[in-house]
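If you want the building blocks of each chain, they are given just below.
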Amino acid sequence: MSTSAPPAGGPRFPGNGLHPLARALNASVRFDRRLWREDIQGSLAHAAELRAQGLLTAADHDAICAGLAAIADDIAAGRFDWDEALEDVHMNIEARLTERVGEAGRRLHTGRSRNDQVATDLRLWVMAAADRCRAALAGLRTALVERAAETVEVLLPGYTHLQRAQPVRLALHLMAYYEMFTRDDARLADARGRAAVMPLGSAALAGTGFPYDRARVAAALGFTRPSANALDAVSDRDFAVEAIAAAALGMTHLSRLGEELVLWSTAEFGFVELDPAWTTGSSIMPQKRNPDVCELLRGKAGRVTGDLVALLTVLKGLPLAYNKDLQEDKEPVFDALDTLHDCAAAAEGIVRTARFQETRLRAALDDGGGYPTATELADYLVERGVPFRDAYASAAEVVRRCRDTGRRLDELSAAELAAADARFGPDVAARLTPEAAVERRRALGGTSRAQVQAQILAAREALAAFPIDQKHRQKESK
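Residues numbered from 1 in each chain as written. Predicted model: local features only at pLDDT ≥ 70, side-chain atom pairs only at ≥ 80, totals over all residues. Heavy atoms only, no water.

Novice: An account of the packing of helix α3 (residues 36-52) against helix α7 (residues 114-150) is requested, with residue identities and associated values reported.
Specialist: Closest axis-to-axis distance for the α3/α7 pair is 9 Å, and the angle between their directions is 120°. Viewed along their axes, α3 and α7 adopt a mutual orientation that is oblique. Considering the relative orientation of α3 and α7, their crossing is right-handed. Contacts between α3 and α7 involve Glu38, Asp39, Gln41 and Ser43 on the former and, on the latter, Gln117, Asp121, Leu124 and Trp125. Split into classes, the residues belonging to the contact of α3 with α7 amount to two nonpolar, three polar and three charged. (Axes fitted to C-alpha atoms, helices over the stretch in contact; angles between N-to-C directions. Helix = DSSP H or I, 4+ residues; strand = E, 2+ residues; numbered from the N terminus. Parallel < 35°, antiparallel > 145°, perpendicular 65-115°, else oblique. Left-handed = near helix turned anticlockwise from the far one by under 90°. Contact = heavy atoms within 4.5 Å. Nonpolar A, V, L, I, M, F, W, Y, C, P; charged D, E, K, R; others polar.)

This is the structure in structure tokens:
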């Protein structure tokens, strides 16, 4: 019986190491090849530190740098053949480097492990992807603010329970989405900040045994600091969970926007006409334009929520330190941040090209069916000392009479209003127009002209100070 060690990866099967199915399951290069830029970036910084510590000669360092640059060119040009037998992006690049530069390539892995290498690569990817998503959200937020500025004078019914409630400015409605996406931006920035902690130098789990200035390497790679605990650094992915959670909330808000645009673009509402660039035709009914992209904003929120649950489930039962389960961290985070980026960019295009139907919006206020200024009746009485619940009852009686007679509130005479409650004076009629109703909402955050314009001004100032370079608006090429 042979006493020779089995090949790396597991027990021997006839002819070739791992069972073919085990090999396929074990390999991650199909999807983790997306980390090639980060892997080369990390290797260059690692090589520089090895050289600074005298662990690489100048000749070896120069050869490694030249070899990695050539590999980067090959991958970018599509000339790199990925080998599943080498399992992952790290071993594929290292093997090709050794082919190119010989013994120098075999020295590169000094002082590191694939455990800290992949954790570093993924953190770098999440940082860059968060920047791309934030830039895409900035584009959408800018579009919302610009459309709000155009529509300050456009009024429509605000809704609760999808029932007409009170008059609001269309600009206030658009700025509500701006606020949602601004919070999403802040969550992404926060997640990026926690991703910006460098694992490199943690090695497999106990830290490297070679001299290594981790703070210097962290600064070179754009991290804020090196990790404090090697076991934690190589084994946790909470930074990825936070990034996906931020993406899931962003997609939830995009879903709400998509749903509203779907409703508003129906013949039943008729509040908006979507540009043909963002709608599709029916395969059988030539008269139809379907809001498919808006529906996908709604539908894709589910997959990102699934990404979040998937990664949480992977992590929940893992003992320290690294486990192969962590191979399953990449596809959820890739998918979640890709989806958020693309959907935010699409939503920007939809918002910028949407044609709001101002006549139809106004008609929804004036047709009388929702009595959107009924609250003004109650407020009028409250200002004259009537307890709100009593004032509410009087306003409800006026609405009942309108419904019985098929009339609008502003069609009632002063005498008819006084018949419902003698405390209604002749000046109450001026309160019942939508314009008067919105202008009375002067408290911070309200729908008066001054308050909406203040929101728009504050948003413009915030966007002008946005720190992400516009290059991040372009999606990463895989």
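Novice: How would you sum up the side chain of Gln451? Please name residues and give values.
Specialist: Its place among the elements puts Gln451 in helix α19 (residues 449-464). At 3.3 Å, the side chain of Gln451 forms a polar contact with the backbone oxygen of Arg442. In this view, Gln451 contacts Arg441, Arg442, Ala443, Leu444, Gly445 and Gly446; residues no more than four positions away in its chain are not counted. (Polar contact = N/O pair within 3.5 Å; in protein donor to acceptor, adjacent residues only side chain to side chain.)

Novice: Please give an account of the packing of aromatic side chains that cites residues and values.
Specialist: With the rule as written, the count across this model stands at eight aromatic pairs. Through a chain of ring-to-ring contacts, three or more aromatic side chains come together here, namely Tyr159, Trp264, Phe269 and Phe271. Over the face of the ring belonging to Phe334 we find Arg34, whose NZ or CZ atom lies 4.8 Å from the ring centre. Across from the ring centre of Tyr392, 5.8 Å away, lies the NZ or CZ of Arg389, which sits over that ring. (Phe/Tyr/Trp six-rings, centres within 6.5 Å; stacked < 30°, edge-to-face > 60°. Lys NZ or Arg CZ within 6 Å of the ring centre and 35° of its normal.)

Keep in mind that these numbers describe shape and distance, not what the molecule does.
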